[in-house]
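# Structure assessment
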Amino acid sequence: MRHYTSQELEAYRSGAVSILSGYCCKKHLEHCPRCRKILRELISDDQLLSQFAAGLLRHEKAREELRDEG
Amino acid sequence: MDFKRQSMAFTTRISLLEKLRIGDDPSWEEFYVLYRPIVFAYGHRFGMNSLEKEELLQQVMVNFFKVSDEFHYDPAAGKFRNYFRQIVKNTATAIWKRKNRGRKTPCLPDCSNEFEAMEQEAWHGLLLHLALLELKKRVEPQTFEAFYHYGLQHRNVNEVADYLCMTPGYIYTAKSRCAGILRSIISDIRKNTPEFRL
């Protein structure tokens, strides 16, 4: 069984693959714990980055408001 | 066009932070904005009016750069926080004494919830920016750019690849690598500042 690379799984996760490729990847994941683990890590990275980006944005806004008030 | 403009805006912000580190003039604006709420909260506790608070802010900045001409990332941010607090407190006391000769320095009440929340928020913002700056230092510039646009700004991978003249594969790898390093930087920060949350 050929496993998916981290890059291929990232493309799948972000929806940057064709319908057929996406279907094949989905089927593979149903039976492959190794690739599911990598996918989980990628999702975990996304969660971290989303929170980080949201925090930065919140602080940027707060600082801009302060600047405007000043 | 919009994409390029946003990219440039980010670069400007980062370079301001770098200038902050080396003590260049433009960094003062950033420093002012970042620490203004903390310093003003102290001024408020000393019963200062807005003019006095502005004076306090300027004096704190002068005092800070007198004793520290460098501003490096330090996971032990809690220590820096206490150090900065002390500078603000001493400066506020000096200003109060100068304006109230012969009178006893007021006994400060315990920190109010409002003050704590304000200070916490300002420190949190600082830590996020320092974490990003630290990440930037640890990876190649093109890796950071790819990570920033794809991983943080959630732009389309093909759009980023075209813009940065990279392959989507490189961008995926950059994101994964930077996310791992960022996780480690955040973990370092949390060791010394357990209350730090994203």
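I will try to describe carefully the structure that is included in this document.

### Notes on the nonpolar core
If you look at soluble globular proteins, the nonpolar side chains tend to sit buried side by side. In terms of nonpolar packing, the biggest core is built from 23 residues, with Leu49 and Phe52 of chain A together with Leu132, Leu135, Phe147, Leu152 and Leu182 of chain B touching the most fellow members. Every element with two or more residues in this core is listed here: helix H3 (33-69) of chain A together with helix H5 (113-138), helix H6 (141-152) and helix H8 (168-192) of chain B. For this core, the element with the most residues is H8 of chain B, which contributes 7 residues. If near-sequence neighbours (up to four positions away) are discounted, Leu182 of chain B is found in contact with Leu49 and Phe52 of chain A together with Ala131, Leu135 and Phe147 of chain B.

### A few points about the interface of chain A and chain B
Opposite the 24 residues of chain A that make contact, chain B presents 30 residues. When chain A packs against chain B, close to 2,600 Å² is buried across both sides, 61% of that on carbon and sulfur atoms. There are 3 salt bridges connecting chain A and chain B. Note that Asp45 of chain A is salt-bridged to Arg183 of chain B, the shortest N-O span being 2.8 Å. Run the count over chain A and chain B and you get 7 residue pairs in polar contact (both at pLDDT 80 or more). Elements with a minimum of two residues in the side of chain A that touches chain B: helix H1 (6-13) and H3 of chain A. At 17 residues, H3 of chain A tops the list of elements feeding residues into the side of chain A that touches chain B.

### Topic: the pattern of salt bridges
In the structure shown here, the tally under the stated rule is 14 salt bridges over all chains. Of the charged contacts in the structure, one is a salt bridge between Glu30 of chain A and Lys27 of chain A, with a shortest N-O distance of 3.5 Å. Residue Glu30 of chain A and its partner Lys27 of chain A are both found in helix H2 (residues 19-31); the two are separated by 3 residues, about one turn of the helix. We classify Glu30 of chain A as partly exposed; its relative accessible area is 42%. For Lys27 of chain A, a relative accessible area of 36% puts it in the partly exposed group. Note that Lys99 of chain B and Glu52 of chain B form a salt bridge whose closest N and O atoms lie 3.9 Å from each other. On the criterion of sequence distance, the pair formed by Lys99 of chain B in helix H4 (residues 77-99) and Glu52 of chain B in helix H3 (residues 50-67) is long-range, its members being 47 residues apart. On the accessibility criterion, Lys99 of chain B (41% relative accessible area) is partly exposed. A single network of salt bridges, built from pairs that share partners, joins Glu10, Arg13 and Asp46 of chain A together with Lys175 of chain B.

### Re the side chain of Glu10 of chain A
Considering the arrangement of structural elements, one finds Glu10 of chain A in helix H1. Relative accessible area serves as the criterion here: at 2%, Glu10 of chain A is assigned to the buried category. At 2.9 Å, the side chain of Glu10 of chain A forms a polar contact with the side chain of Lys175 of chain B. Not counting chain neighbours up to four residues away, the residues in contact with Glu10 of chain A comprise Leu42 of chain A together with Tyr150, Tyr172 and Lys175 of chain B.

Cut-offs and rules
Residues numbered from 1 in each chain as written. Chains lettered and ligands numbered in written order. Predicted model: local features only at pLDDT ≥ 70, side-chain atom pairs only at ≥ 80, totals over all residues. Heavy atoms only, no water. Core = buried A, V, L, I, M, F, W, Y, C linked by side-chain atoms within 4.5 Å. Buried < 20%, exposed > 50% of the residue type's maximum accessible area, 1.4 Å probe, protein only. Helix = DSSP H or I, 4+ residues; strand = E, 2+ residues; numbered from the N terminus. Contact = heavy atoms within 4.5 Å. Buried area = accessible area lost by both parts, 1.4 Å probe. Salt bridge = Lys/Arg side-chain N within 4 Å of Asp/Glu carboxyl O. Polar contact = N/O pair within 3.5 Å; in protein donor to acceptor, adjacent residues only side chain to side chain.

Note that all results are geometric; they support no functional claim without further evidence.
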